[in-house]
Amino acid sequence: QVRLVNSSSRCSGRVEVHHNQQWGTVCDDGWDLSDAEVVCRQLGCGLAVSAPGRAPFGQGHGPIWLDEVNCTGMEGAITECNFKPWGVHNCNHSEDVGVVCSGVEGDLQKGCPPRPVSDPAALRLVNGSSLCAGRVEVLHRHQWGTVCDDSWDEEDAAVVCRQLGCGTVVSAPGAAWFGQGHNVIWLDDVNCTGREDTLSECLARPWGTHNCDHGKDAGVVCSGNVATIGLEKEWSCRNEGQGSFHGAPLVPSIDSSSRPTASHVSPAELRLVNGSNRCSGRVEVMHDHQWGTVCDNNWSFPDANVVCQQLGCGTAVSVYGAAHFGRGSGRIWLDNVQCNGTEAALSECLAGPWGANNCNHGEDAGVMCTGMNVPLAPFTDADASRQRPLRLVNGSNSCLGRVEVFHEQKWGTVCDDTWDLHDAAVVCRQLDCGMALSAPGSAHFGPGSDPIWLDGVQCTGTESALTECQLSNWGEHNCGHSEDAGVVC
């Protein structure tokens, strides 16, 4: 016997199996979508949508019955899969696995129609800051997989945005901009005209045929203008009881606070309070027009580093839990935050759904940052020429954005030809913004409108200013603003 517990739906929750007259949990070592697929099939709950670990549905209290579960995905019951002997494990309940199924059986009972492959449910954007931005994943043969960025462009992204009802395309980043996937790579060399209704109508290599790795996973950012007429029922059928869990962020049900708009692509506002300066204190995030705290479950240095970077406060020195900076008094907005440390904002990290937690304010998380780039007042054009003729614009803080340089009394952009992490490292150093995390091109932070001042930038990474690097002559280039270079420090 198997069951899913501690969720609002019988088709999602913590996995528990019955053995020796007792229910017990399953350890997340080796747990993946193939294992989750068997659980969903066994329960008559449709397809596996996510296979989160790290106790996303809370910790169990009985024995841990199974560890190192290894299913092919075709078994009829979890006990038909390979696993260690019953009760043999090296885990604790913080590693209890969960499953989120599509819930097709329940959907049919509620009058929700079955989903064809061309339906938006067969496509999702994950690991982004909204429903309408993230890594592209497609559903094929009952398994979610990614798309390789070979030939990936805005025509392809436009089809994704249309299929999801997410308005128009803003950008089509590649190189795993929204993090690397972990399952199969389903599509490569996708070639859409931009007029198709679904991605499956576009030309591409046969399913599963590719020459890529997950470092080339394709992403999409849409304008976020979801056409909601007639979709509310579809979304609720599709996502009842689901939210964002460790492993793969899921689409929340649409309501007035979560319906995506263009503004939702921007990260949630963040502050540190009750510390000795603005770069230390209790972590608070703004959501639904209200400040709230972050629970200290799984709170760690990668999470703290993202906070410090987002605030322009350098890097994390210390990570605190147990309300070290005093108890908050509003909502507890986030729990089980899990950043990899490269995100530009805390709201881009994996976490439980907004407001869902098993905490109290005695567990509020805190951070102390180096504060190395505390002076964040933007430079005026008058200041720029004599102090720091370089800036990052159109990002969420002063340490990420489109690169602009000041020359002949005018700000201008840098072309992304040869632009890489060595160049970005110099920009971050020059701006006192810590280390470079990524060097996106293709106008990732939007196209500029001023001159394109630099092209063919080649830094070793040790220079103290961008102008010390090998450059073309000022104003000489073969670029358009669609090639404007960016930096994330």
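Everything numeric in this text was worked out from a predicted model, so none of it was measured.

Focus on the packing of aromatic side chains
Then, in step 1: Evaluation of the coordinates by the stated rule reveals 7 aromatic pairs.
Then, in step 2: Ring centres 6.2 Å apart and planes at 75° place the aromatic pair Trp-65 and Trp-86 in the edge-to-face group. With a gap of 21 residues between them, Trp-65 in strand E5 (residues 64–66) and Trp-86 in the loop between E5 and strand E6 (98–101) connect regions that are remote in the sequence.
Then, in step 3: Since its relative accessible area comes to 30%, Trp-86 is described here as partly exposed.
Then, in step 4: Between Trp-186 and Trp-207, the aromatic rings sit 6.1 Å apart at their centres with planes inclined by 80°, giving edge-to-face as the arrangement. On the criterion of sequence distance, the pair formed by Trp-186 in strand E11 (residues 185–187) and Trp-207 in the loop between E11 and strand E12 (219–222) is long-range, its members being 21 residues apart.
Then, in step 5: What makes Trp-207 partly exposed here is its relative accessible area of 35%.
Then, in step 6: Sitting above the plane of the Trp-23 ring, Arg-3 keeps its charged end 4.0 Å from the centroid.

Here's the deal with helix H1 (residues 33–42)
Then, in step 1: Burial within H1 is extensive, with 8 of its 10 residues counted as buried.
Then, in step 2: When we look at burial in H1, the residues that qualify are Leu-33, Ser-34, Asp-35, Ala-36, Glu-37, Val-38, Val-39 and Cys-40.
Then, in step 3: Residues of H1 that are buried make contact with strand E1 (2–5), strand E2 (12–19), strand E4 (48–50), E6 and strand E9 (143–147).
Then, in step 4: The opening residue of H1, the one whose side-chain oxygen lies 3.1 Å from the backbone nitrogen of Ser-34, is Asp-32.
Then, in step 5: Positioned one or two residues after H1, Gly-44 has a phi angle of 65°, which is positive.

What about the nonpolar core?
Then, in step 1: Counting 32 residues, the largest nonpolar core has Val-15, Val-26, Trp-31, Val-39, Val-69 and Val-99 as the members making the most contacts within it.
Then, in step 2: In terms of residues, this core owes the most to one element, H1, which gives 5 residues.
Then, in step 3: The residues contacting Val-69, other than those within four sequence positions of it, are Val-26, Asp-29, Gly-30, Trp-31, Asp-35, Ile-78, Cys-81, Asn-82 and Phe-83.
Then, in step 4: Formed by 24 residues, the second largest nonpolar core is a distinct cluster that contains Val-283, Val-285, Trp-299 and Ala-351.

Some details on the environment of Asn-360
Then, in step 1: Mapped onto the elements of the fold, Asn-360 is located in the loop between strand E17 (331–334) and strand E18 (366–369).
Then, in step 2: Considering only alpha carbons, one finds Asn-360 and Arg-327, 33 residues apart in sequence, at a separation of 8.9 Å.
Then, in step 3: Beyond its immediate stretch of four places on either side in the chain, Asn-360 contacts Arg-327 and Ile-332.
Then, in step 4: Looking at Asn-360, its side chain comes within polar contact range of the main-chain nitrogen of Gly-362, at 2.7 Å.

Let's talk about the side chain of Asp-156
Then, in step 1: One can find Asp-156 in helix H3 (residues 154–163).
Then, in step 2: Arg-162 is the oppositely charged side chain nearest to the buried, salt-bridge-free Asp-156, at an N-O distance of 10 Å.
Then, in step 3: At 2.8 Å, the side chain of Asp-156 forms a polar contact with the backbone nitrogen of Cys-192.
Then, in step 4: Excluding residues within four positions of it along the chain, Asp-156 makes contact with Ser-151, Val-190, Asn-191, Cys-192 and Leu-199.

Digging into the pattern of salt bridges
Then, in step 1: According to the stated counting rule, one finds 12 salt bridges in the structure shown.
Then, in step 2: A salt bridge links Asp-189 to Arg-205, with the nearest nitrogen and oxygen atoms 2.8 Å apart. Note that Asp-189 is positioned in the loop between E11 and E12 and Arg-205 in the loop between E11 and E12, a separation of 16 residues in sequence.
Then, in step 3: For Arg-271, the salt bridge goes to Glu-284, with nearest N and O atoms at 2.7 Å. You can see Arg-271 sitting in strand E13 (residues 270–274) and its partner Glu-284 sitting in strand E14 (residues 280–287), a full 13 residues away along the chain.
Then, in step 4: One network of salt bridges, in which partners are shared, links Arg-3, Arg-14 and Glu-16.

What counts, and at which threshold
- Residues numbered from 1 in each chain as written.
- Predicted model: local features only at pLDDT ≥ 70, side-chain atom pairs only at ≥ 80, totals over all residues.
- Heavy atoms only, no water.
- Phe/Tyr/Trp six-rings, centres within 6.5 Å; stacked < 30°, edge-to-face > 60°.
- Helix = DSSP H or I, 4+ residues; strand = E, 2+ residues; numbered from the N terminus.
- Buried < 20%, exposed > 50% of the residue type's maximum accessible area, 1.4 Å probe, protein only.
- Lys NZ or Arg CZ within 6 Å of the ring centre and 35° of its normal.
- Contact = heavy atoms within 4.5 Å.
- Polar contact = N/O pair within 3.5 Å; in protein donor to acceptor, adjacent residues only side chain to side chain.
- Core = buried A, V, L, I, M, F, W, Y, C linked by side-chain atoms within 4.5 Å.
- Lys, Arg positive; Asp, Glu negative; His and termini not counted.
- Salt bridge = Lys/Arg side-chain N within 4 Å of Asp/Glu carboxyl O.

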